[in-house]
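# Structural characterization, general
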Amino acid sequence: MGIVTNSAKLPVAGATVTAIRVGGGIRATVSGSDGMYSFADLPPGEWTLTAEVEGYPDAAVPPLQVVASKATRHDIVMNVPAAVPPTSPSLAAAPAPAAASPSAATLNQVVPAALQSPEATTGVDTFTPFAFGDFTWLNGSPRNKAPVFDTKFFTPDIRLDVHYMADFNHPRDHTIVGSTESFRSGEFQLEQLSFGGDFHYDNVRARFLTMFGLFATTTPRNDASSGVGQWDLSNAYRYISEANAGYHFDVGHGLNVDAGIFVSYIGLFSYYNYDNWTYQPSYVSSNTPWFFNGLRIQYFPTNTLKIEPWIINGWQSYARFNGHLGFGGQILWQPNENLKLVFNNYGVGQDNLAYQIVTVTPGAGNKPGTVTNNPLAKAERLHTDDSIEFKYYDNKMNGKGLSKAAFSFTVDAGCESGGGLSCSKGPNKEAFIGVMLYNRFWFDNDLYAITIGGGEMNNPGRYLTLLPPINGATAATGTPYFTENPGQPARMWDATLNFQYMPKQWITWWAEAGFRHSNVPYFAGSGGVTPPTGNNGYPAQYACNDGAPAGTTLTSTSCANDGGVWYPDLRTRQAVLSGGVLVKF
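Overview of the structure. None of the values given here were measured: they were computed from a predicted structure. (Residues numbered from 1 in each chain as written. Predicted model: local features only at pLDDT ≥ 70, side-chain atom pairs only at ≥ 80, totals over all residues. Heavy atoms only, no water.)

Spatial ordering of the open sheet is given by 4-1-7, a layout of 3 strands whose pairing is mixed. Each edge of the open sheet carries a strand with a single partner, namely strand 4 (36-37) and strand 7 (76-78). One ladder, built from 2 bridges, connects strand 1 (residues 2-6) with strand 4; its direction is antiparallel. By the bridge assignment, Ile-3 is partnered in strand 4 with Met-36. (Pairing = 2+ DSSP bridges. Helix = DSSP H or I, 4+ residues; strand = E, 2+ residues; numbered from the N terminus.)

Rendered as structure tokens:
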């Protein structure tokens, strides 16, 4: 990338810039009205540049070295051609007045310093963390090798996710249960539309990304902390995926201190489907948090190591549940471009709703009832999430056949204790352990990819099992049809086969087959999870077939005059075929 200017340092628009690779390969582009040109898809190697435009002699640039995952900048100057003497004095035109040289202020108005492209780098960057290698193959990381557009002030991020899914249980209400990536069956749906990006200038940092589409509804409903206090936090943050700001200190290889909403790393897979090897990840990723609200500190002692403490509201919490904040952190080590080791840990946070149970004695009139504090309010959570990703094959010379092969393996373990709960024994045992393993193969110079994998979780207590949205239930309301009490087991496993076609680094077409199994009825069957008359507004109660609420405890007369008690259709198995398109600029 760079700017085409003339000898007066003014931008030259409409110049054809051609890049030719030593050993084979050619690209061409045209400079914009501001003189800027860029190539977004140059493979690493030695390239020469030429520029031509009417009224100027052609300009040539000595060979430049393009490095993977790094922007290379070179500005091109088009010299004004020498004046041609007239053939006859009588025909000579009056000389044109000399163009005034632009002042520095004029040049700043043309391209302000903050909007200029970042400084070009040559060779391998051994100082910037993780800039020494190409890590676009990683599961959970975007595969864009360079931004489409970049300045010293702003790097944009635009995402679009559209899909079609077919659940073989054929739920009549089209509702897919138990996922944070799949929500509606038999429909084309917009999962995500996001725009925003990173602001960075003079060591000041800020990032925001909006969230529209299904994610704007499904993410808040899975966060129970909106049931704490007032001000309707789920709607306040509904259309924001990330929003944080901070400062970069020049300590070691970098120290960042930021506050706001951050995407969580727990579970390896990214919250954004474009970044992942498959669309539907296993339970270890689906049932762990997608965001944190709090303070994040990132310290890079070397260019291969990151140490990152968190001080946060809690486990996927807009609000703080109870007595104190949660603490956690990440250690990330990438010693070379073929290996990633990441260790995430979280603890101390009290992450259960601090509601109170009020019991009123019949016939007591207006006398206050007995108030009992929820014992789970004082339960504390511990969790560890550890992953390894390893690229064990890379054909850099000729990737027409198999070009890459890699695997990712994740282990999660956690528990809750206190308030009558135990991590290890007893009827109120609250523990979680899960694993997931995926293997990916790239073909034809990364044009296609096939991923196969899956995982399993054992969750006695169901404290990390997503709540089915029966009758509109959310994590805050709960539902009597699928309780999540201590000691209630949930054992699940799944398998996924995914195919991706990636003609450009900005787009992915994908198709996927997935199968999931549970030891208890959990997935939506043909009858669905919506009452016959629609959601009745009382998700915490049983429902009657005519839509009337039936209370939290059933008796022999419940719904006797309302068509009987309604029950959702829950199954132990689910098979889904799906496909879609993902775009990221």
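The next subject is the state of the cysteines. Scanning the entire structure with this criterion turns up 2 disulfides. Shown here is the disulfide that connects Cys-415 with Cys-423, its sulfur atoms set 2.0 Å apart. An S-S torsion of about 70° defines the bridge between Cys-415 and Cys-423 as right-handed. Classification of Cys-415 as buried rests on a relative accessible area of 11%. Relative accessible area serves as the criterion here: at 28%, Cys-423 is assigned to the partly exposed category. Disulfide pairing is shown between Cys-544 and Cys-559; the S-S distance is 1.9 Å. For the disulfide bridge between Cys-544 and Cys-559, the dihedral angle about the S-S bond is near -80°, and by the sign convention the bridge is left-handed. Placement of Cys-544 in strand 26 (residues 543-544) and of Cys-559 in the loop between strand 26 and strand 27 (565-566) is noted, with a sequence separation of 15 residues between them. Pair check on accessibility: Cys-544 and Cys-559 agree, each one buried. (Disulfide = S-S within 2.5 Å. Buried < 20%, exposed > 50% of the residue type's maximum accessible area, 1.4 Å probe, protein only.)

Further remarks concern the pairing of strand 13 (residues 291-302). Two elements, strand 12 (residues 255-263) and strand 13, share 9 bridges in a ladder whose sense is antiparallel. Across the sheet, residue Leu-255 finds its bridge partner in strand 13, namely Tyr-299. In terms of strand pairing, strand 13 meets strand 14 (residues 305-312) through 5 bridges, oriented antiparallel. Bridge pairing links Thr-302 to Leu-305 in strand 14. Counted along the chain from strand 13 to the antiparallel partner strand 14, the turn is 2 residues long.

Quick look at unusual backbone geometry now. Positive phi values are uncommon outside glycine, yet Asn-203 reaches one of about 75°. Structurally, the position occupied by Asn-203 is in the loop between strand 9 (187-201) and strand 10 (204-210). Residue class for Asn-203 comes out partly exposed when judged on its relative accessible area of 27%. Positive phi values are uncommon outside glycine, yet Asp-232 reaches one of about 50°. By secondary structure assignment, the location of Asp-232 is in the loop between helix 2 (215-221) and helix 3 (233-236).

Take the pattern of salt bridges next. For the coordinates displayed, the defined rule picks out 19 salt bridges. Two residues, Asp-351 and Arg-381, come together in a salt bridge whose shortest N-O distance is 3.0 Å. Of this pair, Asp-351 sits in the loop between strand 16 (339-347) and strand 17 (356-359) while Arg-381 sits in strand 19 (residues 380-394); the two residues are 30 residues apart in sequence, bridging distant segments of the chain. Of the residues examined, Arg-381 reaches a relative accessible area of 5% and is grouped as buried. (Salt bridge = Lys/Arg side-chain N within 4 Å of Asp/Glu carboxyl O.)

On to the environment of Glu-456. Considering the arrangement of structural elements, one finds Glu-456 in strand 22 (residues 448-458). For Glu-456, a relative accessible area of 47% corresponds to the partly exposed category. For the pair Glu-456 and Arg-491, spaced 35 residues apart in the sequence, the C-alpha separation amounts to 7.6 Å. Residues in contact with Glu-456, not counting those within four places in the same chain, are Ser-282, Val-284, Ile-433, Gly-434, Val-435, Met-492 and Trp-493. (Contact = heavy atoms within 4.5 Å.)

Okay, the pairing of strand 23 (residues 491-504) next. Both strand 22 and strand 23 contribute to a ladder of 11 bridges, which runs antiparallel. Bridging across to strand 23, Ala-449 finds its partner in Gln-500. Bridge analysis of strand 23 against strand 24 (residues 507-518) gives 11 bridges, and the strand direction is antiparallel. Each residue of the ladder has a partner; that of Ala-495, found in strand 24, is Phe-515. Where strand 23 folds back on strand 24, the antiparallel hairpin that results is connected by 2 residues.

With that out of the way, let us pick up the environment of Arg-516. Examined against the element boundaries, Arg-516 turns out to sit in strand 24. Taking the C-alpha atoms as reference points, Arg-516 and Tyr-283, 233 residues apart in sequence, are found 9.6 Å from one another. What Arg-516 contacts, discounting residues up to four positions off in sequence, is Ile-176, Val-177, Gly-178, Ser-179, Gln-280, Tyr-283, Trp-493, Asp-494, Phe-523, Thr-572, Arg-573 and Gln-574. Within the structure, Arg-516 has its side chain in polar contact with the backbone oxygen of Val-177 (distance 3.0 Å). (Polar contact = N/O pair within 3.5 Å; in protein donor to acceptor, adjacent residues only side chain to side chain.)

If you trace the 4 strands from one edge of the open sheet to the other, you get 3-2-5-6, paired in antiparallel fashion. Every other strand in the sheet has two partners, leaving strand 3 (26-30) and strand 6 (59-66) as the edge strands with one partner each. Averaged over all adjacent pairs, the angle separating strand axes in this sheet is 20°, with direction ignored. By the bridge criterion, 6 bridges tie strand 5 (residues 45-52) to strand 6 in an arrangement that is antiparallel. Paired with Gly-45 across the bridge in strand 6 is Val-66. (Axes fitted to C-alpha atoms, helices over the stretch in contact; angles between N-to-C directions.)

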